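# An overview of the molecular structure
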Amino acid sequence: MKIYDELIARGLIAQVTDEEEIKELVNSGQATFYIGFDPTADSLHVGHFMALSLMKRLQMAGNKPIVLLGGGTAYIGDPSGRTDLRNMMTPEIIEHNSECFKKQMAKFIEFGEDKAIMVNNADWLLELNYIDMLREVGPHFSVNNMLRAECYKQRMEKGLSFLEFNYMIMQSYDFFYLYQKYGCNMQFGGDDQWSNMLGGTELIRRKLGKDAYAMTITLLMTSEGSKMGKTAKGAVWLDPNKTSPFEFFQYWRNVADADVLKCIRMLTFLPLEQIDEMDKWEGSQLNKAKEILAYELTKLIHGEEEAEKAKSASHALFAGGTDDSNMPTTEITAEQLTDGAIGILDLLLACGLTPSKSEARRLVQQGGVFVEDEKVESIDTNITAEQLKNGIKIRKGKKTYHKAWIK
C-alpha cells in the first residue's frame, strides 16, 4: 500500500487542496513539507504527537520534513480553537520553550543531511520591517475573506484583537518564505489550521505564480466529540517530568471502548492488517486492545524500558497488588494541612485528580474515591500527616491511581 492510501486507511487525512497532485508527490517521495509548532509551553503534548506521527510516516516514505518552530508567531498567538486571547509570553520564555521542543522532537524525527531539518520563524519574522511587510503581503489578503475564516468567526462575538488578526498573514508568510528558501511545496497541520494554510498557498500563487499544497490532519477527538489528550490535571504531556510514563500509559489504557481502535489506527505504527483483525474484538478483548495502544505509544515516546515498567505497574494495580513504584505521586506540604490533616476534597484537588472541589465532592458522594482500597464515605474525611508520612494510595473510579505523601 502506498503512503497516501495508508494515511486514508488510518483516517488521518481531513482536507486536501489538490488530491491527485498531493498523492503523486507523497507517494513518489517528492514532497518537501513543513509542520509548524508554536512553543506555547515547555513541552509537546498529545495534540503535537498527531503531527509528529504524520511527519514520521511521511519521512519513512522518502519525503523531506521541515520542522518549523514558531519562535516568531508565538509572539502573536494562534487564535484557532480559542475563545480568549492567549497569554503574552516573554522572549526568554519563547526561547526556552523552543529549546525544550527541539530536544523532544530529536527523539522522534530523524534530523541531518538529506533528512529532516529544523528552522525557527523568529529568524525571519522578527527581522521584518512593518511597512515593507504591509506592502509586500497586505495587498494579497482580503479582509472580507479573512473574517469568513473559521478561526476568526468563532472569536467575533467575544472580540478579535488586531494582534491575533495578523496570525494568518504570519503563517502564510512562513509558507511563502520556506517555499523560496527550501523548496517547501506542502504544508501539513491540524484541521483547525485550514484557513491559515490556504492563505499560504494563495500567497505563493499570487506572488510567485507557483503551486503549493496543503493537507490537514484529522483532529483526535473522543466519540463524545471532545478533544483527546486532556485530564483533570490538564494536558497529557510528552515530557516525563510533567506527565510520568505511568500516567501516560494509564491515559491510553483508560480510553473509551469506542475510541481504542481509532487511536490504534491513527497513532501507532502497527500494520493495518493486524489492526483490521482487532476490529472484530469485543468485550474483554477491548481491554487487551487498550493495553496494546498504551504500550505502543509509551514505547514510542518514552522508550521500551519505561513502557515495560508502566505495563508491569498497571498489571500490579489492576490485580490488587502493592507495586506503586511507578505510580504518579504528589508531595503535600505542611502549609496545606490544617490542624495536622488535609480534607479529602483538598487532597483530590492537590493531586490533580479533580479540576475543582465541587467535582471532588460529587465524586466522593457517588462512591468513586478510595484511599488504601477503602471507599471514602464522607466529604468530611481527613487524611492525617501521620498517614501521609508513609504515603497513601488514592484511587479514583476503577482505573486512576495516585500516591500522596509528606516529608
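For the structure given in this document, a descriptive report is provided here. (Residues numbered from 1 in each chain as written. Predicted model: local features only at pLDDT ≥ 70, side-chain atom pairs only at ≥ 80, totals over all residues. Heavy atoms only, no water.)

### A short note on the pairing of strand 5 (residues 186-190)
With 5 of 5 residues buried, strand 5 is to be regarded as a mostly interior element. For strand 5 and strand 6 (residues 213-217), the ladder comprises 5 bridges, and the chain directions are parallel. Bridge pairing in strand 6 links Gln187 to Ala214. Read as a crossover between parallel neighbours, the route from strand 5 over helix 11 (residues 194-208) to strand 6 is right-handed. (Buried < 20%, exposed > 50% of the residue type's maximum accessible area, 1.4 Å probe, protein only. Helix = DSSP H or I, 4+ residues; strand = E, 2+ residues; numbered from the N terminus. Pairing = 2+ DSSP bridges. Right-handed = clockwise from strand over helix to strand, strands pointing away.)

### Some words on unusual backbone geometry
Here the phi dihedral of Asp114 falls at roughly 60°; this positive angle occurs in a residue that is not glycine. Structurally, Asp114 is set in the loop between helix 4 (91-106) and strand 4 (117-120). With relative accessibility at 69%, the residue Asp114 sits in the exposed group.

### Some remarks on the packing of aromatic side chains
Taken as a whole and assessed by the stated rule, the structure comprises 7 aromatic pairs. Judged by centre distance (5.1 Å) and plane angle (90°), the rings of Phe33 and Phe188 are edge-to-face. Highlighted residues: Phe33 in strand 2 (residues 32-37) and Phe188 in strand 5, separated in sequence by 155 residues. For the pair Phe33 and Phe188, a shared accessibility class is recorded, and that class is buried. Joined through ring pairs, the aromatic side chains of Phe248, Tyr251 and Trp252 make up one cluster. Directly above the aromatic system of Phe108 lies the positively charged group of Lys56, at a separation of 5.2 Å from the ring centroid. Here the basic side chain of Lys242 rests over the ring of Trp237, its NZ or CZ set 4.7 Å away from the ring centre. (Phe/Tyr/Trp six-rings, centres within 6.5 Å; stacked < 30°, edge-to-face > 60°. Lys NZ or Arg CZ within 6 Å of the ring centre and 35° of its normal.)

### Observations concerning the side chain of Thr298
Mapped onto the secondary structure, Thr298 falls in helix 15 (residues 285-302). Beyond its immediate chain neighbours, meaning those up to four positions away, Thr298 contacts Pro245, Phe248, Phe249, Gly303, Glu306 and Ala307. (Contact = heavy atoms within 4.5 Å.)

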